[in-house]
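Remarks on the overall topology
Here is what each chain is made of, one letter per residue.
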Amino acid sequence: MPNINLLRPTSLDEAVSLLAKDGDQTKIIAGGTALVIMLKNHLIAPSVLLSLDRLSELRYIRHEAGVGLRVGGLVSIREAENSPLLREKQTTLASTFGKVGNVRVRNAATVGGNLSEADYASDPPCMLVALRAKVKTRSARGEREISLSEFFKGFYETALAPDEILTELIVPDLGPGSRSAYIKYVSRSSEDRPCVGMAAVVLTEPDGTCTDLRLVAGAVSEIPQEFKEAGAMARGQCLTDQLMEDIAGAFSAEVEPLSDLRGSSWYRKKIVRVMARRAMQQATAGE
Ligand SMILES: Cc1cc2nc3c(=O)[nH]c(=O)nc-3n(C[C@H](O)[C@H](O)[C@H](O)COP(=O)(O)OP(=O)(O)OC[C@H]3O[C@@H](n4cnc5c(N)ncnc54)[C@H](O)[C@@H]3O)c2cc1C
């Protein structure tokens, strides 16, 4: 590996001012689980690495009434998975974090790193899009909030500028009458990234009538794919087995999946149908 200058700021203010000076030549490193692989494979060649490891101010999980959960960008995926607060407020999201890779990866990898990497075959992004989550960023120019549906731009591409740090994930509360599910289908090993991930969020009246349905697939294309028709198909109705089958079929017909080593486009299209139906069934059963 070439010589790289490692910077380890001790505050967010210091980190953003270092990035402001030399953002284009600098790569941020958090847990390093993705970045070190990119370096070893010569996919990137930064002259400076800016480590976030001393920024303890980005390690917190809080809940704020009217806002929802606030998760610091440097919280590890394992901490998020095991957080009693996160498990209480967003049970499905906690278990989604628990489906990332294996324990070794989850111990080192951070929530901010997972989102900033923007690998198409990831678990948390599609669940977070379904939950209408957003991220907060910080640079020397100030702070921004970006909805996750706007954050992912393409393969390994996000709305982050080179001098911006993802500081916080904000997940709004779902409210009464809402249920969610995330399921992951792997085609190679149990610890692999998803061949298809599927998130479902169902909002219902007390009598069971559906007021909204969100279905978002992960790993089928470069960014999470939401089936925008789902809400219109379900609204005002009870989610019967037949209706769920129809919605899953319509999603599968619409989606144009990519092909990779985990599955062909044709195969993924079939899997989307099964996974969409199962995710709705799991969400409505309240598992
Ligand atoms: C063996 C293995 C299995 C995996 N399996 C899965 C899986 O099943 N599901 C899944 O979802 N993921 C999986 N992953 C991916 C893993 O979740 C990511 O590698 C990890 O979340 C990245 O986090 P990190 O903190 O290590 O980021 P790093 O590797 O440190 O950084 C990743 C990228 O994000 C940038 N970055 C990091 N933090 C910030 C920040 N706060 N602000 C701005 N930019 C930032 C870095 O510059 C870099 O470009 C797997 C990874 C491995 C190695």
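See the structure above.
Because the structure is predicted, anything quoted here is derived from the model rather than measured.

1. Regarding helix α11 (residues 241–254)
Between its terminal C-alpha atoms α11 stretches 20 Å, which fits the 20 Å expected from 14 residues at 1.5 Å a residue. Residues Leu-243, Met-244, Ile-247, Ala-248, Gly-249, Phe-251 and Ser-252 constitute the buried set of α11. Its buried side turned inward, α11 meets β12 (196–204), β13 (210–218), β14 (225–226), α10 (230–234) and α12 (265–285).

2. Topic: the nonpolar core
Looking at soluble globular proteins, one finds that nonpolar side chains tend to be buried together. By size, the foremost hydrophobic cluster in this structure holds 36 residues, and its most contacted members are Leu-115, Leu-148, Phe-151 and Leu-169. When residues of this core are traced back to their parent elements, those giving at least two are β5 (68–72), α3 (77–82), α5 (91–97), α7 (111–117), α8 (124–130), α9 (148–151), β10 (165–171) and β12. Formed by 29 residues, the second largest nonpolar core is a distinct cluster that contains Val-196, Met-275, Met-280 and Ala-283.

3. Digging into the packing of α11 against α12
Relative orientation and spacing of two packed helices are given, respectively, by the angle between their axes and the distance between those axes. Put simply, α11 and α12 touch, their axes get as near as 8 Å, and they point 145° apart. Crossing hand, α11 versus α12: right-handed. Across the interface between the two elements, Asp-241, Met-244, Glu-245, Ile-247, Ala-248, Gly-249, Phe-251, Ser-252, Ala-253 and Glu-254 of α11 pack against Lys-269, Val-272, Arg-273, Ala-276, Arg-277, Met-280, Gln-281 and Thr-284 of α12. Considered class by class, the residues forming the contact of α11 with α12 number 8 nonpolar, 4 polar and 6 charged.

4. Concerning the sheet that holds strand β1 (residues 5–7)
For sheets, the rule is that strands pair by backbone hydrogen bonds, running either parallel or antiparallel. Read across the sheet, 3 strands follow the order β1-β3-β2 without closing on themselves; strand pairing throughout is parallel. Two strands bound the open sheet, and with one partner strand each, they are β1 and β2 (26–29). Across the sheet, the mean angle separating the axes of adjacent strands is 25° when strand polarity is ignored. Where β2 lies against strand β3 (residues 48–51), 4 bridges are found, and the strand directions are parallel. Along β3, the bridge assignment pairs Lys-27 with Leu-49. In the packing of helix α1 (residues 12–22) onto the sheet, contacts are made with β1, β2 and β3, and the angle to β3 comes to roughly 160°.

5. Considerations on the pairing of β3
Burial along β3 is two-sided: the face carrying Val-48 and Leu-50 and the face carrying Leu-49 and Ser-51 are both buried. In this structure, β1 lies alongside β3, joined through 3 bridges in parallel fashion. For Leu-6, the partnering residue across the bridge sits in β3 and is Leu-49. Read as a crossover between parallel neighbours, the route from β2 over helix α2 (residues 35–40) to β3 is right-handed.

6. Structural notes on the pairing of β13
Most of β13 is tucked away, with 8 of its 9 residues classed as buried. The antiparallel hairpin formed by β12 and β13 contains 5 residues in its connecting segment, where Gly-208 sits at a positive phi of about 95°. Pairing analysis gives 2 bridges linking β13 to β14, with the strands arranged antiparallel. Pairing of Ala-217 across the sheet is with Gln-225, part of β14. Hairpin remark: β13 followed by β14, antiparallel, with 6 residues in the connecting loop; positive phi at Ala-219, about 70°.

7. Concerning the site of the ligand
Neighbouring residues of the ligand: 33 residues in total, closest Ile-28, Thr-33, Leu-35, Thr-110 and Asp-123. Within the contact set of the ligand, an oxygen atom lies 3.4 Å away from a backbone nitrogen or oxygen of Asp-192. About the coverage of the ligand: the protein hides 90% of its 980 Å² of free accessible area. Counting residues per element, the shell around the ligand draws most heavily on α7, at 5 residues. Residue classes in the shell around the ligand are distributed as 15 nonpolar, 10 polar and 8 charged.

What counts and what doesn't
Residues numbered from 1 in each chain as written. Predicted model: local features only at pLDDT ≥ 70, side-chain atom pairs only at ≥ 80, totals over all residues. Heavy atoms only, no water. Helix = DSSP H or I, 4+ residues; strand = E, 2+ residues; numbered from the N terminus. Expected span 1.5 Å × (residues − 1). Buried < 20%, exposed > 50% of the residue type's maximum accessible area, 1.4 Å probe, protein only. Contact = heavy atoms within 4.5 Å. Core = buried A, V, L, I, M, F, W, Y, C linked by side-chain atoms within 4.5 Å. Axes fitted to C-alpha atoms, helices over the stretch in contact; angles between N-to-C directions. Left-handed = near helix turned anticlockwise from the far one by under 90°. Nonpolar A, V, L, I, M, F, W, Y, C, P; charged D, E, K, R; others polar. Pairing = 2+ DSSP bridges. Right-handed = clockwise from strand over helix to strand, strands pointing away. Near = heavy atom within 4 Å. Polar contact = N/O pair within 3.5 Å; in protein donor to acceptor, adjacent residues only side chain to side chain. Areas by Shrake-Rupley, 256 points an atom, 1.4 Å probe, with all protein chains shown as cover.

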